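Working through the structure, step by step
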Amino acid sequence: MNIKRGFTYLFLIIAALISIFPFIWMVVSATNASVDVTKGTLLPGSRLIENINNLFNSVDMWQALWNSAKISVTSTIFSLLVASAAGYGFEMYRSRGKDIVFNILLASMMIPFAAIMVPLFQMFAKISEVMPFLGIDTAGAVILPTFTTAFLIFFFRQSTKMFPKDMMEAGRIDGLSEIGLFFRIYMPTMRSTYAAAAIITFLSSWNNYLWPLIVLQSPENMTVPLLISNLGSGYAPDYGMIMSAIVITTLPTAFVFFIMQKRFVAGMTGAVK
Amino acid sequence: MHTEKAGLNQHIGKSMNGRTRIRLTGWFFMLVPVVMISVFYFYPMVQALLLSFKSGRGSNLQFVGLDNYTRLLSDTTFLTAVKNTFIYLLIQVPVMLVLALFIAVLLNDDRLRFKGFFRTAIFLPTVTSLVAYSVVFKYMFGADGIVNKFLVKLHLIQEPIQWITDPFWAKITIIIAITWRFTGYNMIFYLSSLQNIDKSVYEAARIDGANAFRQFFTITIPLLKPIILFTTITSTIGTLQLFDEVVNITKGGPGNATMSISQYIYNLSFEYTPDFGYAATVSYSIVLMVVLLTMIQNKIGGDKRS
């Protein structure tokens with residue numbers, strides 16, 4: 001019995017160490033010179049400030065952070081509004097017709113992005129001709145095709161099943177309009193569902209790589225993942241500097257995760273229960 | 001459904017007007033997503049299918065019938081990409097899911113101490129962006145990198161392993177990287193389902209004399225079947241779409257040894273002389289695989305739960 005205990009702890013300690021190690025190494029490397037990073041040094045150096053200075057002097061990190069923030073915040077707001085309204089609509093105004101529509105929408109979850117990226121690119125190339133502000137190389141083009149996801153609609157519909165329907169009846173008697181019910185009663189009651197959905201949506205938008213890579217072209221529109229990828233594949237890269245860029249972008253998400261861990265996990269697993 | 005509707009109608013009077021208005025409001029709530037998903041998912045799917053029968057440079061496309069599909073079968077780069085993707089799929093997905101399930105079972109023990117620490121630590125990789133962690137792994141697995149240094153120090157290897165530049169080890173590096181990033185993610189799904197299992201079921205089994213091993217296979221696995229199916233399908237779809245890691249760790253190299261199907265589609269459309277028609281044909285091969293594999297997995301794992 002004790003051997004089993006011992007094995008359990010040993011295994012979990014090793015698993016935890018392997019999981020955390022790249023984070024430690026990333027932070028340590030951000031304090032080292034490029035040569036030391038390739039040599040795999042594990043001791044903290046004194047070049048953190050220099051690396052960060054180099055980063056902000058050689059690329060427009062602020063611009064990339066701003067672009068990413070702009071896209072992620074806008075995406076999250078639209079996503080939540082649209083998906084929650086739909087999840088609410090499908091569940092509260094249930095009918096056979098709507099269930100069919102719901103299942104058709106769910107089928108879109110099976111569509112691999114790689115399968116539609118070429119036609120999407122062509123679509124936005126055409127949009128560029130008539131509406132340049134929404135076409136190739138704009139934040140709008142990054143946001144527009146990605147903010148509506150069947151997953152999030154499904155997530156809100158599942159959560160709405162727990163919502164007490166009596167509250168709607170009460171609201172109707174009080175003379176609230178159907179739209180009013182959604183904004184005045186549903187939204188405030190479902191705060192924690194919105195919080196969970198906001199975290200997953202924000203992170204997936206913040207980390208999105210392939211579609212922005214296709215649709216964004218000029219350096220001033222670049223998002224953080226594009227910038228890091230470019231730094232990493234550049235000619236004679238400065239590894240210490242790249243690691244400082246990675247630390248700067250990873251720490252905020254790790255921090256958000258630590259504060260909102262419970263909601264984050266609830267948001268991930270809630271939809272499939 | 002009908003009783004629900006009737007209940008709803010009691011409060012708004014029996015006026016046809018109110019009923020119609022409520023029904024229309026219901027549709028109004030789902031108007032935007034129906035339009036968006038049709039325009040940005042279903043329409044491009046149809047477009048891709050049409051495109052797959054055309055070929056040419058850039059926007060200068062001509063109808064070529066099934067030529068793209070015959071080209072597919074003799075395209076060595078495509079076949080390599082498919083082979084690589086299946087190697088990832090057949091090795092990485094099972095290893096990761098078994099590991100995730102194993103960790104979840106260990107963590108589900110009530111008497112375990114530091115549970116919160118272990119859970120948080122193992123889940124932490126999930127918060128990293130795919131690009132960021134890929135770049136970190138690229139340097140960690142460099143020829144003079146920390147991983148080789150560590151293995152040499154532990155006397156596990158004599159010579160540094162060429163993790164990035166050797167065709168065999170490059171695949172292993174990609175598999176290790178994906179496993180690092182997604183094991184904790186899948187573990188959380190298992191853990192939250194395990195916590196929903198009534199402890200008395202195990203108690204009863206123990207009284208009947210079933211050991212831990214038996215309990216695992218006769219209680220845990222059957223009860224987790226739906227979630228195991230879910231994680232298998234999402235991991236399969238994820239692997240078929242593998243892009244960020246391959247591009248940022250090995251660039252698909254050396255040669256095409258690690259190239260994934262998604263990367264090949266990207267290269268056909270945006271790196272080489274663009275041939276959108278042929279790229280669409282390749283992308284339909286992913287659709288076909290997703291559909292086939294999901295059907296197979298549903299068949300194996302999804303027998304009707306009564």
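Considerations on the overall build of chain B
Broken down by element type, chain B carries 14 helices and two strands. Its C-alpha radius of gyration of 25 Å places chain B more than 25% over the 19 Å reference for a compact globule of 306 residues. Overall, the C-alpha framework of chain B stretches about 80 × 70 × 30 Å when taken along its three principal axes. Looking at chain B as a whole, 52% of its 306 residues qualify as buried. A separation threshold of at least 6 residues defines the contact pool for chain B, and within that pool the share at least 24 residues apart is 65%. For chain B, the accessible area works out to roughly 15,100 Å², and carbon and sulfur atoms hold 64% of it. Across chain B, the 26 positively charged side chains and the 16 negatively charged ones have centroids separated by 9 Å.

Focus on the overall build of chain A
Each helix and strand counted, chain A has 15 helices and zero strands in total. On the principal axes, the C-alpha backbone points of chain A span a range of 70 × 70 × 35 Å. Residue pairs in contact within chain A that sit at least 24 positions apart in sequence constitute 69% of those at least 6 positions apart. For chain A, the exposed surface amounts to about 12,100 Å²; the carbon and sulfur share of it is 69%. Each charge class in chain A can be summarised by its mean position, and for the 18 positive and 13 negative side chains these summaries are 13 Å apart.

Some details on the interface of chain A and chain B
On the side of chain B, 91 residues touch chain A, which itself brings 96 residues to the contact. Carbon and sulfur atoms make up 78% of the area that chain A and chain B hide from each other, which totals about 8,300 Å². At the junction of chain A and chain B, the tally comes to one salt bridge. Linking Arg5(A) and Asp109(B) is a salt bridge whose minimum nitrogen-to-oxygen distance equals 2.5 Å. Across the chain A-chain B interface, the total number found is seven residue pairs in polar contact (both at pLDDT 80 or more). It is helix H1 (residues 2-29) of chain A that contributes the most residues to the side of chain A that touches chain B, 17 residues altogether.

Focus on helix H11 (residues 191-207) of chain A
Residue and element names in this part refer to chain A. An ideal rise of 1.5 Å per residue puts 24 Å on 17 residues; H11 measures up with 24 Å between its terminal C-alpha atoms. Counted residue by residue, H11 has twelve buried out of 17 residues, so it is predominantly covered. Turning to H11, its buried residues are Thr 193, Tyr 194, Ala 195, Ala 196, Ala 197, Ile 199, Ile 200, Thr 201, Leu 203, Ser 205, Trp 206 and Asn 207.

Brief notes about empty space enclosed by the protein
Under the definition given, this model contains one cavity of 30 Å³ or more. Space inside the largest cavity adds up to approximately 60 Å³. Every residue lining the largest cavity is listed: Trp206(A), Asn207(A), Val224(A), Pro225(A), Ile228(A), Thr249(A), Thr250(A), Thr253(A), Val127(B), Ser129(B) and Ala132(B). Mapped by element, the contributors of at least two residues to the lining of the largest cavity are H11, helix H13 (224-233) and helix H14 (239-259) of chain A. Counted by class, the lining of the largest cavity contains six nonpolar, five polar and no charged residues.

Considering the nonpolar core
Soluble globular proteins tend to bury their nonpolar side chains together. Formed by 175 residues in total, the largest nonpolar core has its most connected members in Tyr88(A), Phe156(A), Met243(A), Ile246(A), Met187(B), Ile265(B) and Val282(B). The element contributing the most residues to this core is helix H5 (residues 76-107) of chain B, with 14 residues. Viewed by domain, this core spans two of them, domain 1 (2-51) and domain 2 (69-301) of chain B, each represented by three or more residues. In this structure, Val282(B) is in contact with Leu72(B), Phe78(B), Ile261(B), Tyr264(B), Ile265(B) and Leu268(B), ignoring residues within four places of it in sequence.

Quick notes on the layout of surface pockets
There is about 1,000 Å³ of room inside the second largest pocket. Together, 28 residues line the second largest pocket, and Lys4(A), Val105(B), Asp109(B), Ala212(B) and Gln215(B) are the ones closest to its centre. Within the residue set of the lining of the second largest pocket, elements represented by two or more residues are H1 of chain A together with H5, helix H10 (199-207) and helix H11 (212-240) of chain B. A total of six residues in the lining of the second largest pocket trace back to one element, the largest contributor, which is H11(B). Residue classes in the lining of the second largest pocket are distributed as 15 nonpolar, five polar and eight charged.

Focus: the domain arrangement of chain B
All names here are of chain B. Assigned domains of chain B: these are domain 1 (2-51) and domain 2 (69-301). A straight line from the C-alpha centre of domain 1 to that of domain 2 covers 38 Å. With four residues of domain 1 at the contact, the number on the domain 2 side is six residues. Between domain 1 and domain 2, the buried area comes to about 440 Å², and carbon and sulfur atoms account for 72% of it. When the buried surface of domain 1 facing domain 2 is broken down by residue, Met 45, Leu 49 and Leu 51 rank first, second and third, together holding 82% of it.

Remarks on the confidence of the model for chain B
Detailed conclusions should not be drawn from predicted coordinates in areas where pLDDT is low. A residue-level look at chain B finds 92% of positions with pLDDT of 70 or above and a mean pLDDT of 85. Per-residue pLDDT stays below 50 along residues 1-15 of chain B; that stretch engages in 19 contacts with residues further than four places along the chain or on separate chains.

As for the pattern of salt bridges
Under the counting rule described, the total for this entry stands at eleven salt bridges over all chains. The partner of Glu203(B) in a salt bridge is Arg206(B), and the shortest N-O contact between them spans 3.6 Å. With Glu203(B) and Arg206(B) both in helix H10 and three residues apart, the pair spans about one turn of that helix. Judged by relative accessible area, which is 51%, Arg206(B) ranks as exposed. A single network of salt bridges, built from pairs that share partners, joins Glu91(A), Arg94(A), Asp99(A), Arg157(A) and Lys161(A).

Overview of the packing of helix H4 (residues 61-92) of chain A against H13(A)
All names here are of chain A. At a minimum axis distance of 8 Å, the contact between H4 and H13 shows a crossing angle of 140 degrees. Classified by the interaxial angle, the pair formed by H4 and H13 is oblique. From H4, Met 61, Ala 64, Leu 65 and Ser 68 reach across to H13, where they touch Val 224, Pro 225 and Leu 227.

Some words on the environment of Leu107(B)
Its location among the elements puts Leu107(B) in helix H5. Given a relative accessible area of 1%, Leu107(B) falls into the buried group. In sequence terms Leu107(B) and Gln297(B) are 190 residues apart; their C-alpha atoms lie 27 Å from each other. Contact partners of Leu107(B), with chain neighbours within four places excluded, come to Leu12(A), Leu112(B), Lys115(B), Phe118(B), Arg119(B), Met187(B) and Leu191(B).

The rules we used
Here the residue numbers are simple positions, counted from 1 along each chain's written sequence. Chains and ligands are labelled sequentially in the order written, the chains with letters from A and the ligands with numbers from 1. Reporting in this predicted model follows two pLDDT cut-offs: at least 70 for local features of residues, and 80 or more for side-chain atom pairs to be given and counted; totals over whole chains, interfaces and linings ignore these cut-offs and use all residues. Note that water and hydrogens are dropped before the side-chain values are worked out from all heavy atoms of the structure. Every helix listed is a DSSP run of H or I at least four residues long, and every strand listed is a run of E at least two residues long, numbered separately from the N terminus. With the radius of gyration taken over C-alpha atoms, the globule rule is written as 2.2 Å times the number of residues to the power 0.38. Burial classes: relative accessible area under 20% of the type maximum marks a residue as buried, over 50% as exposed, and values in between as partly exposed (1.4 Å probe, protein chains only). Throughout, a residue-residue contact means that at least one pair of heavy atoms, one from each residue, lies within 4.5 Å. A 1.4 Å probe and the Shrake-Rupley method give the accessible areas. Residues count as covered only by the protein chains that appear here. Note on charges: Lys and Arg go in the positive column, Asp and Glu in the negative column, and His and the chain ends are not counted at all. To locate a charge, take atom NZ for lysine, CZ for arginine, CG for aspartate or CD for glutamate. Throughout, the accessible surface (probe 1.4 Å) given up by two parts as they are put together, summed over both, is called the buried area. For this document, the term salt bridge refers to a Lys or Arg side-chain nitrogen within 4 Å of an Asp or Glu carboxyl oxygen. Any pair of N or O atoms that falls within 3.5 Å is considered a polar contact. Within protein, one atom must be able to donate a hydrogen and the other to accept it, and sequence-neighbouring residues count only if both atoms are side-chain atoms. To estimate the expected span of a helix, subtract one from its residue number and multiply by 1.5 Å. Using a grid of 1 Å spacing that covers the protein atoms alone, one calls a set of points a cavity when a 1.4 Å probe fits there but cannot get out, and a pocket when the set is open and has protein on both sides within 12 Å along at least five of seven lines; lining residues are those with an atom within 4 Å of a point. Grid points are joined across faces, edges and corners, and a volume is the space filled by probe spheres set on the points. Under this grouping Gly is polar, as are all residues other than the nonpolar Ala, Val, Leu, Ile, Met, Phe, Trp, Tyr, Cys and Pro and the charged Asp, Glu, Lys and Arg. Side-chain atoms within 4.5 Å are what join buried Ala, Val, Leu, Ile, Met, Phe, Trp, Tyr and Cys residues into a set we call a nonpolar core. Domain start and stop points were drawn from an automatic or database domain assignment. The predictor's confidence in any single residue is recorded as pLDDT, a number from 0 to 100. For helices, the axis comes from a line fit to the C-alpha atoms of the stretch in contact; other axes are also lines fit to C-alpha atoms, and the angle between any two N-to-C directions lies between 0 and 180 degrees. Roughly parallel here means an angle under 35 degrees, roughly antiparallel means over 145, roughly perpendicular means 65 to 115, and every remaining angle is called oblique.

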